[in-house]
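Reading the structure
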Amino acid sequence: MAGVVIYAKSKPPETLFDHTRAVVGSALSLLEEYGNRIKSSWPESIADLSRLLRIVATYHDLGKNYTPFQNVLRKSIKIDPLAVSSLDPHIPHSFLSTSFFLADASDLGVEDLYLKALLTRAIAFHHHREIMEKLVDPDNELLKEVIKEDIQPNYERLDFMKELGIILNRPGFKGIKRVLSGTWDSYWESVVRNNPEYQTAYTLLAGLLMKADHSASAHLPAEFEPFANTKDSILKYLAEKKIDVSSLWQMEILDSIREKNVILIASTGMGKTELALLWNGDEKLFYTLPLRTSVNAMFGRMLSVFGDDGRIGLLHSTASAYLLKEIDESDKQAGEMVGLIDRAKQLSLPLSVSTADQLFTSTFKYPGYEKVYATLSYSNIVIDELQAYNPEIAAAILWGLKEVTELGSKFCLMTATLPGFYLDFVKENLPDFVIERRFLPVSKHQIELLNDNIMGYCDSIVASWKEKERVLVVVNTVKRAQIIYEELKRKLGNESENNLMLLHSGFILRDRSSKEKRLLDKDNPFKGIVVSTQVVEASLDIDFPVLFTEIAPADSLIQRMGRVERKIREGKLNLEKPNVLIFWSDETSGVGSVYERSLVSGTGKLLENYSGKTVSEEDKQDIVNALYYSDNAKKVKEKFEKAIEMLKLGILRAKNRDDAQKLFRDISSIECIPFTVYEKEEDAILKLVETVESSTERIPRLRATTKLQGYTLSVKRSRVPDSKIVKLIGSIAVINIPYDVDAGIQYEEEESPFV
């Protein structure tokens, strides 16, 4: 049987020999580029990583020699099958590959039972299939049957392995189930409990194998060339912005923080991003932010600093839509965008700008999480705006940071405000860090706390607009935003069309993007009243002279204040009257649903001491510290600590990456198209759906997917009763809930599915 061509891939056709050689090469290139950093966290008691990685890379796909698997590939390639077989073609090839390794383990010098188990599992689980759990059931004989009837008789078809320095022994079945069983009392669990270093080694070995395999399959380098001379690029960028680079505070502290983990608590506009980039130097970096809008903006900023040579990645759920739009507005080719998407998804670029869920869903240990952890082991991570996440998500991020720093990663956590119990967790669990506090020497916000309903102040809002031209109104729920918008619209009359905007996350993507574009247009700035919700806290670079806002917890309020007089960076603003008006009453929206009641009341009591005064940046941090170290934060702290404990015990585990996304977002949501939108655009929508489902060309399919997303919004499942679902288009629900391009989706009752 020697001499038969054995394939690894069908699109395009690729032999198993070529693919195996490519994976080995990819794995070794990873160690060549980042080996010193990876090996610094590799357990000293376990054999040399380079040798073990070469072994698993060599053996990982040998199970593809399975005849039914080969016949599936050959049918796709349109060549004759190897032989007729009645065996199940869905047996995972990775499980079958372990039979080759176990037969050769002694020849490879792998005698230690723990080490043998480590390599066997890395090979077996480099892909995940639902059938795997069934196959390792003690009563299931299918795996044994397949190895006996097909793998053993045909192993000589892999004679080409001699060219890779391997002479294969006849594969067997003995010991496979003992190692692969995933139950608590399994052999592997006893290995990890008795020697936890093997779990560290498994995470790195399995993750590096997955990364090498995926990059070789995509015909991409495992890692692209890192940036050089980062400091020079940043200083040049700042100089071009007319910033004096001779006395930057970031440069003054750089030597003291460069090799450490960093917590930076600093005012908005202080230059946190520049510090993070200088701290990172020329290392591989993931820069995370909470919202896609802010990620897109940061991606553009990074292009301005480092140039656009295809080595800066964009990672979030609608990244392809953003990049396609950028392509359409430039002279680039669509193929360049597709290449960038692929490189970013492989985590192979020297700099990636990402939403946090793209990395920290891995905290929930879905099958394949090891690739993310292994990549982060030799990377640095920036967590920007931690305060924007709820306590459960913050717990997932901080626990994930704990685990990847133990593997060798370093982090820079940056925020304008940091709840005290987050800082306490870092102090107790994360190593070798420094805290740097930097606040703008400015007092520019005079606050007034009004024990009243904001709804009664529409006349004041209009008067302020006539005086200042731009007014920001922020409330806590979509429903309240819609009500106040309608009241302002009535008061403005004909003037409302060009001078009033409502912005929240209850708009379809197309309409929301249009509003954000209008709001952010620097050539023709929007002059009017913007009514919004929490979406303005961390996502939009906007500046207003005055803010009317419902009360919220102190850290959220400070983010809202950050949208007032952003460009003033020093001194004390001489204000004749307050420019931040905060409304606190029994009728404040979102109290008890969006925000913990105790946090809101605690904030109100603290602000009573500052009403009528101009507050400094240090004052704001003092308010946040006082709130989150008080009993008012007890419930939020308990949520955080409960999530940490569940992660520690391994209770919060995900079945797959989609499940991990739901755990991370703590929300069961569905993509919807409002019926009024569908009714008007039905032909266009159905044509796009047809392209997505049937097109064999990737770029038209991506374009269609992007345009289809423009008609959708994400809705909490509990807000859409079955009676409101008109029809399903794939996974998208057409819902019979009123929608308006100016007001967004309109529920009968107030709840908190959106921010």
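Let me begin by describing the structure that accompanies this report.

About the criteria used
- Residues numbered from 1 in each chain as written.
- Predicted model: local features only at pLDDT ≥ 70, side-chain atom pairs only at ≥ 80, totals over all residues.
- Heavy atoms only, no water.
- Salt bridge = Lys/Arg side-chain N within 4 Å of Asp/Glu carboxyl O.
- Helix = DSSP H or I, 4+ residues; strand = E, 2+ residues; numbered from the N terminus.
- Buried < 20%, exposed > 50% of the residue type's maximum accessible area, 1.4 Å probe, protein only.
- Arc of directions from axis to C-beta.
- Contact = heavy atoms within 4.5 Å.
- Core = buried A, V, L, I, M, F, W, Y, C linked by side-chain atoms within 4.5 Å.
- Pairing = 2+ DSSP bridges.
- Axes fitted to C-alpha atoms, helices over the stretch in contact; angles between N-to-C directions.
- Patch = residues over 30% accessible without salt bridge, like charges linked within 9 Å, V, L, I, M, F, W, Y side chains within 5 Å.
- Areas by Shrake-Rupley, 256 points an atom, 1.4 Å probe, with all protein chains shown as cover.
- Lys, Arg positive; Asp, Glu negative; His and termini not counted.
- Charge placed at Lys NZ, Arg CZ, Asp CG, Glu CD.
- Phe/Tyr/Trp six-rings, centres within 6.5 Å; stacked < 30°, edge-to-face > 60°.

Topic: the pattern of salt bridges
- What the rule picks out here adds up to 27 salt bridges.
- A salt bridge links Arg311 to Asp309; its shortest N-O distance comes to 2.9 Å.
- Linking Lys365 and Glu403 is a salt bridge whose minimum nitrogen-to-oxygen distance equals 2.7 Å. Remark: Glu403 occurs in helix 19 (residues 391–406) and Lys365 occurs in the loop between helix 17 (357–360) and helix 18 (369–377); sequence separation between them is 38 residues.
- Residue classification places Lys365 among the buried residues on the basis of a relative accessible area of 15%.
- Taking the relative accessible area as the measure of exposure, Glu403 reaches 17% and is therefore buried.
- Three or more residues are tied together by salt bridges with common partners; here these are Asp459, Glu487, Arg490 and Lys491.

So, helix 11 (residues 230–240)
- Turning to helix 11, its buried residues are Thr230, Ile234, Leu235, Tyr237 and Leu238. When helix 11 is viewed along its axis, its buried side chains cluster within an angular range of 160° and face the same direction. Along helix 11, the residues that are exposed and aim more than 90 degrees away from the buried face are Lys236 and Glu240.
- Buried residues along helix 11 sit against helix 12 (249–257), helix 13 (272–280) and helix 14 (292–306).
- Looking at the residues trailing helix 11, positive phi occurs at Lys242, about 65°.

A closer look at the nonpolar core
- In this structure, Tyr59, Phe101, Leu118, Leu119, Leu205 and Leu386 are the most contacted members of the largest nonpolar core, which totals 214 residues.
- The element contributing the most residues to this core is helix 10 (residues 197–217), with eleven residues.
- Leaving out residues up to four positions away in the same chain, Leu386 has contacts with Ala394, Ile397, Leu398, Leu413, Met414, Thr415, Leu418 and Tyr422.
- One finds Cys458, Ile461, Ile673 and Val720 within the second-largest nonpolar core, a separate group that totals 48 residues.

Here we look at the sheet that holds strand 12 (residues 471–474)
- Spatially, 13-14-12-15-17-11-18 is the arrangement adopted by the seven strands of the open sheet, whose pairing is mixed. Every interior strand has two partners, whereas the edge strands, strand 13 (500–503) and strand 18 (614–615), have only one.
- Summarising the sheet, strand 15 (residues 547–550) and strand 17 (residues 580–583) pair through four bridges and their orientation is parallel. Paired with Glu550 across the strands is Phe583, a residue of strand 17.
- Across the sheet, helix 24 (residues 509–520) is in contact with strand 13 and strand 14 (529–532); its angle to strand 13 comes to roughly 130°.

A word on a negative patch on the surface
- A surface patch of like charges, here negative, comprises Glu130, Glu133, Asp137, Asp139, Glu141, Glu145 and Glu149.
- Locating Asp139 in the fold gives a position in the loop between helix 6 (132–135) and helix 7 (142–151).

Regarding the pairing of strand 20 (residues 713–716)
- Burial along strand 20 is one-sided: the face carrying Leu713 and Val715 is buried and the face carrying Ser714 and Lys716 is not.
- Bridge count between strand 19 (residues 669–674) and strand 20: four bridges; the pairing is antiparallel. Residue pairing in the sheet places Ser669 in a bridge with Lys716 of strand 20.

A short note on the packing of aromatic side chains
- Tallied over the full model, the rule gives 17 aromatic pairs.
- Taking 4.6 Å as the distance between ring centres and 25° as the angle between the ring planes, the aromatic pair formed by Tyr34 and Tyr378 counts as stacked. Of this pair, Tyr34 sits in helix 1 (residues 16–39) while Tyr378 sits in the loop between helix 18 and strand 7 (380–384), and the two are 344 residues apart along the sequence. Exposure class is identical for Tyr34 and Tyr378. Each is buried.
- Look at Phe227 and Phe306: their rings are 4.8 Å apart centre to centre, the planes differ by 25°, and that puts the pair in the stacked class. With Phe227 in the loop between helix 10 and helix 11 and Phe306 in helix 14, this pair connects stretches of sequence that are 79 residues apart.
- Take Phe306: its relative accessible area is 16%, and that puts it in the buried class.

Digging into the sheet that holds strand 22 (residues 732–735)
- As summarised here, the arrangement of the four strands in space is 20-19-22-21, forming an open sheet in which the pairing is mixed. In this open sheet, the two edge strands, each paired with only one partner strand, are strand 20 and strand 21 (725–729). Direction aside, neighbouring strands of the sheet carry axes that sit 45° apart on average.
- Of the strand pairs in this sheet, strand 21 and strand 22 are connected by four bridges, and their pairing is antiparallel. Of the residues in strand 22, the one forming a bridge with Leu728 is Ala733.
- Along the sheet, helix 30 (residues 675–694) contacts strand 19, strand 21 and strand 22; its crossing angle with strand 19, the most-contacted strand, is approximately 105°.

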